[in-house]
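# Report on the structure
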Amino acid sequence: MAPHPGIDPDQIKEKARKDLLDLLESVRGKKNLVIEKSLAGPIGIFVKFSTLQDHGVDKVFFLENDNVDASQKNVIFLARGEKANQPIAITEQIQRLQKNSSIEHEFLIIWVPRRTLVCNKILEEAGVLGDVSVEEFVLHFIPLEQDLLSLCLEDSFKDLYLRKDPTSTFLAAQALMGIQQTHGLFPRIIGKGDNANRLMELLLRMRVEAAADDNNTSKFGLMPSATIESLIIIDREIDFATPLLTQLTYEGLIEEMFGISYNQTEIHSSIVGQASGTQQSGKSPAATQQGLKQKIQLDSSDKLYEQLRDANGAIVDNLLNKVARRLQSDMKNRHAESISELRDFVGKLPGYQSEQQSLKIHINLTEEIMKNTQSDIFRRTLEVQQNLYDGSDPSSQHDTLEELISRSVPLPTILRLLCLESCISGGLRQKDLDNFKRLILHAYGYQHLLTLSALEKIGLLQTRASAGVLTNPLAVGTAQENTKTNYNYLRKVLRLVVDEVNEQNPNDIAYVYSGYAPLTVRLVQAILQKQYLLALTKGASAANISTAAHGWQGFEDAARNVKGTTFNKIQKGEEQVVKARHMLAGTGGKVKTVVVMFLGGVTFTEIAALRFVAKGEEGRRRILVCTTDVMGGNGVVGAAIEKGSFGEV
């Protein structure tokens, strides 16, 4: 997707970079920087380690390692202040330096994105508040791509659904409020889910508070945006099933098998060979080679990866073959007949070399991925998933599940399959659930009593309180309304399963899961592509809805069968101001942006599906994806998995 009018990711990066460097420059001389691990990746996106060195940073330490030394008088701590762990760790390290060092240190604490009462209280009780300077680094959305902004809150899923901590919702509201302050009010806020509704209410409250603030002289409170069409808020809770499925795009498969963190993946050197110097230069210590593993950059700066990432994994080898043949042809035609032709070739040579290096990496990655996807366990797992979302009797999959447990398949894979059945089928029968609990405890350890309890608390693993959802898939508006997402009903009315999917030249978002359309993206289509979706589900003759229809019009029944609150809020400005702006700027001809906010996390396959939707809307509107974090299925169940073990001394 192209850059967005009004919302410029490069501008966001540059502002974050400038703000951070200004804070570092406020401390004269050399300084040591102690940074929270979870901030190293996000900050590495917009500032290189070499740039930090240019601004006086001598050494960088991770806060969690508790190993900052006394080599510099100035010590700067950079951490989030939303939880008690970080301020406690900072006070302990300050006290250690004060006690053991002969130097009289000067300390600066930079809280991201805000200073909290918790921070102040802990520092005060430890007796160090008077010995430190405190600043705020207001960092909210970080551009991972031109069409993707993330708050990079790694624990947002766990906080929202296990701990029931609303901090992520508040930080998301602050970030979206920042967009409103810069670009005007979202003219329409549409969404689904209880947490999404809370986020919408927070935005409305913040607007009122900002309008009442005498120091706020901005006109944003009076005028809806001229560049943004709407804000769509999706609560992850409405569709737990999608992230539990195995992602089948190229980027999704890399995430499944190697993990992707802030546009980088860590791969064993034996798989990809030695990385080029350009990929390692300027990175922070967190991004350098560790042992026999190395970091590979995965973003649009790699033009080949940009072509591959959203493709279905089944066709990536064909795409790589085409690129290899083209490069081979270009190199064969390199013999120049004149000086000007020779100059042109020499100018293109760095590009060829870079593309060849990228091609080598992605061929090796694809070969490794294919080894995994052709394994018996991967195929059996995928078969169970496809049978579940196709609507087959879930009990027919239990023998396979029991076999996978007996083969000691990694626990996250087992839990994903169990939770997928629970989500799609409205829960498991009590005797089946008890049986699987017993098998898991025997195979993986009794500490997973806590894991199973956490999954139940999140709502991923439940008993089937009523067979109504399973046996009556067309039930609408019953007492069960909005308490569970009714996949059996939605499978039909939103065409979640597409039998004949074209993976080579996709014609529907279902290509990202080789036949399954993510529910979250279908709901976005229900708002943005009503005629297409009606034609897909009811036939071309039924797609007669007005192009002026907004919100959930035409799909009210579908929305009622999705868990949580449904809302469609219009934000209006002062009439005179709006009329004046329309007279001055006009209203037609501009391609506006639709902001799609995922609260609780989004997967790479959903991002790929939204990019497919954006291609269909090209010339009419652009789509900007915002999220609390980018996640995968292992991250979903990982939020519940108990890391400790009973009986350890």
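Residues numbered from 1 in each chain as written. Predicted model: local features only at pLDDT ≥ 70, side-chain atom pairs only at ≥ 80, totals over all residues. Heavy atoms only, no water.

Next up on the list: the packing of aromatic side chains. Inspection of the entire model under this criterion finds nine aromatic pairs. With a centroid separation of 5.9 Å and an interplanar angle of 55°, the aromatic rings of Y511 and F612 are classed as tilted. In this pair, Y511 is assigned in the loop between α22 (487-493) and α23 (519-528) and F612 in helix α27 (residues 604-616), connecting sequence segments 101 residues apart. The buried category is assigned to Y511, whose relative accessible area is 4%. Judged by its relative accessible area of 22%, F612 falls in the partly exposed class. Seen from their ring centres, Y513 and Y516 are 6.0 Å apart, and the 65° between their planes marks the pair as edge-to-face. The two residues Y513 and Y516 agree in class, both being buried. An aromatic cluster of at least three residues, connected via ring pairs, comprises F157, Y161 and F240. (Phe/Tyr/Trp six-rings, centres within 6.5 Å; stacked < 30°, edge-to-face > 60°. Helix = DSSP H or I, 4+ residues; strand = E, 2+ residues; numbered from the N terminus. Buried < 20%, exposed > 50% of the residue type's maximum accessible area, 1.4 Å probe, protein only.)

Okay, the environment of N100 next. Looking at the secondary structure, you find N100 in helix α4 (residues 85-100). Sequence spacing of N100 and A70 is 30 residues, and the spatial spacing of their C-alpha atoms is 8.8 Å.

Of all the five residues making up strand β1 (residues 31-35), five are buried; the element is thus mostly covered by neighbouring parts of the structure. Every second residue of β1 is oriented toward a common face, with K31, L33 and I35 on one face and N32 and V34 on the other, all of them buried. Looking at chain direction, β1 and strand β3 (residues 74-80) are connected through five bridges and run parallel. Directly across from I35, in β3, lies its bridge partner L78. (Pairing = 2+ DSSP bridges.)

Let us now look at the confidence of the model for the protein. Residues with a pLDDT of 70 or more make up 85% of the protein, whose mean pLDDT is 88. Of the regions scoring below 50 in pLDDT, residues 275-290 engages in 31 contacts with residues more than four places distant in sequence or in other chains. Confidence drops under pLDDT 50 across residues 466-481; counting only partners more than four residues distant or on other chains, this segment forms 19 contacts. (pLDDT = per-residue confidence, 0-100. Contact = heavy atoms within 4.5 Å.)

A word on the pairing of strand β8 (residues 188-192). In terms of burial, β8 is largely enclosed, as five of its five residues are buried. Residues of β8 alternate between two faces, with R188, I190 and K192 on one and I189 and G191 on the opposite face, all of them buried. The sheet contact formed by β8 and strand β12 (residues 566-570) spans five bridges and is antiparallel. Across the sheet, residue R188 finds its bridge partner in β12, namely I570. In terms of strand pairing, β8 meets strand β9 (residues 228-235) through four bridges, oriented parallel. Counterpart to K192 in the pairing with β9 is I234.

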